[in-house]
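Chain and residue survey
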Amino acid sequence: MAARATADPAESTSGGRSIFDLGPGAHECWYPVALSADVPKGKVVGRDIADGRVVVYRGEDGVIRAMSAYCKHMGADLSVGGEVVGNDIRCPFHHWSYGDGGDCKHIPAGDEIPKRAKLFEFAAREQFGLIWVFFGKTPLYELQTFEDFDETKHVARSFEVQLNDKLNCEPWMFTTNVYDIAHLRSLHGINIVHSEVEEIDPYRSRMSWDADLGDKGTGGLRMEIYVYGVNSLRNKGEQGGRLKWYIGASVPSARHGTKFFMTVITTNEEGAEEFLDRQAAMHAQIMNEDLPVLNNMRLDELLLLPSDRALSRFMRSVLKYPRVTMKELERTAKMD
Ligand code: FES
Ligand SMILES: [Fe+2]
């Protein structure tokens, strides 16, 4: 496990080094990595995540699998030219095959399979058209969902939010937005009427507020946001009297910056698609308002006030939250 900072974000630090300089790797969370539609049966895709890379594919049984992307033999990237064979993935270089558990199943040259020939297999889930992986040895909490989603009554749309520029901050920084009540009014023109925060367990908390969206939409917005890990939100609310549920989560994608994926759900009735179009546009607008600020912040000195209480509580939890690197996960695979 990587060393962690323990300082209080409400206190200034000296020497210009940010207490949020958390080192390589990422917080152990569920991260969205691709849309289901991008990974049909037999297709292999690669995604940068944290300080490493994951290969995602769908076996002939239709199940999504996600593993560390570099072949144990000579380091070929399995997502570049790798092929799905049955439910296994075959390296393009010398055709070693890996399957469930990340185990090497076959070496065509005939050598005995070494025990260390093992990829790290991520816990993976697929829901509402999004593929998620847990960046960590074992999931610390269940992936957020909507148990009462009913396909006869609801319609869901998942998508990657189109940001105007590469987002260079870590996912948790994006999540501070939820707790940063003051900026909702000043930067986004959303007036929060009443807010509350409740910690459920070390990995989840709940924030509720009532809001007036100003010129971003019609009708009042009632929000009850659950924050999962340090990077995901789940909200069940309504906008302008219409059901609006959403899940939004960011993922650290190395050279591609931090990406943000969403699932938005509403009732399956007249105007649903237009409603979802407007939601996608509204969330993109809000995030693009945050983007230039987040990309250019300096976090070595903070002067948080009593009205920033929710924000500083979240920042403290970020500093305590477990982190891991891809190298550590790959080492774990070899020991199993
Ligand atoms: S590098 Fe993958 S089989 Fe040789
Ligand atoms: Fe914001």
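Residues numbered from 1 in each chain as written. Chains lettered and ligands numbered in written order. Predicted model: local features only at pLDDT ≥ 70, side-chain atom pairs only at ≥ 80, totals over all residues.

1. Topic: the overall build of the protein
When helices and strands are tallied, the protein shows five helices and 19 strands. Taking 2.2 N^0.38 as the reference for a compact globule, 336 residues should give roughly 20 Å; the C-alpha atoms of the protein span a radius of gyration of 21 Å, in line with that estimate. Along the three orthogonal principal directions, the C-alpha set of the protein runs to about 70 × 60 × 35 Å. Across the 336 residues that make up the protein, the buried fraction comes to 37%. The long-range share in the protein, meaning contacts at least 24 apart out of those at least 6 apart in sequence, stands at 56%. (Helix = DSSP H or I, 4+ residues; strand = E, 2+ residues; numbered from the N terminus. Rg over C-alpha atoms; globule rule 2.2 N^0.38 Å. Buried ≥ 20, exposed ≤ 12 C-beta atoms within 10 Å, placed from the backbone. Contact = placed C-beta atoms within 7 Å.)

2. Examining the UniProt feature "domain: Rieske" (unreviewed entry) in the protein
UniProt's feature table lists "domain: Rieske" (unreviewed entry) at residues 30-133, given in the numbering used throughout. Split by type, residues 30-133 is 0% helix and 44% strand. Its first and last C-alpha atoms lie 6 Å apart. (UniProt positions renumbered as here; feature names shortened; annotations may be inferred.)

3. Thoughts on the sheet that holds strand E11 (residues 130-134)
The strand order across the open sheet formed by six strands is E2-E11-E10-E5-E4-E3, and the pairing between neighbours is antiparallel. In this open sheet, the two strands that pair with only one neighbour each are strand E2 (30-35) and strand E3 (44-49). Ignoring which end each strand starts from, the neighbouring axes of this sheet average 30° apart. Looking at chain direction, strand E5 (residues 64-68) and strand E10 (residues 121-127) are connected through two bridges and run antiparallel. (Pairing = 2+ DSSP bridges. Axes fitted to C-alpha atoms, helices over the stretch in contact; angles between N-to-C directions.)

4. Quick notes on the domain arrangement of the protein
Split into domains, the protein comes out as domain 1 (26-134) and domain 2 (154-320). Taking only C-alpha atoms, the centre of domain 1 and the centre of domain 2 are 31 Å apart. With 15 residues of domain 1 at the interface, the matching set in domain 2 holds 17 residues. Secondary-structure elements contributing two or more residues to the side of domain 1 that touches domain 2 are strand E1 (26-27), E2 and E3. Among the elements that take part in the side of domain 1 that touches domain 2, E2 stands out by supplying five residues, more than any other. Of the residues in the side of domain 1 that touches domain 2, the class split is eleven nonpolar, two polar and two charged. (Domains from an automatic or database assignment. Nonpolar A, V, L, I, M, F, W, Y, C, P; charged D, E, K, R; others polar.)

5. Focus: the sheet that holds strand E9 (residues 104-106)
Spatially, E6-E7-E8-E9 is the arrangement adopted by the four strands of the open sheet, whose pairing is antiparallel. The outermost strands of the open sheet, each flanked by one partner alone, are strand E6 (83-85) and E9. Here E6 runs beside strand E7 (residues 88-90); their pairing, made up of three bridges, is antiparallel. Within E7, the residue paired with Val84 across the bridge is Ile89.

6. Here's the deal with the nonpolar core
By size, the foremost hydrophobic cluster in this structure holds 78 residues, and its most contacted members are Tyr31, Val33, Val54, Val55, Val56, Val133 and Phe135. Counting contributing residues, this core receives three or more from each of domain 1 (26-134) and domain 2 (154-320). (Core = buried A, V, L, I, M, F, W, Y, C linked by C-beta atoms within 7 Å.)

7. What to know about helix H4 (residues 309-320)
Spanning twelve residues, H4 covers 17 Å between terminal C-alpha atoms, matching the ideal 16 Å at 1.5 Å per step. Among all positions of H4, only Leu311, Phe314, Met315 and Val318 are buried. All buried residues of H4 project into a common sector of 105° when viewed along the axis, lining one side. (Expected span 1.5 Å × (residues − 1). Arc of directions from axis to C-beta.)

8. Focus on the environment of Ala123
Note that Ala123 resides in strand E10. Owing to 15 C-beta atoms within 10 Å, Ala123 belongs among the partly exposed residues under this scheme. Taking the C-alpha atoms as reference points, Ala123 and Trp30, separated by 93 residues in sequence, lie 8.9 Å from one another. Not counting chain neighbours up to four residues away, the residues in contact with Ala123 comprise Val133, Phe134, Thr138 and Pro139.

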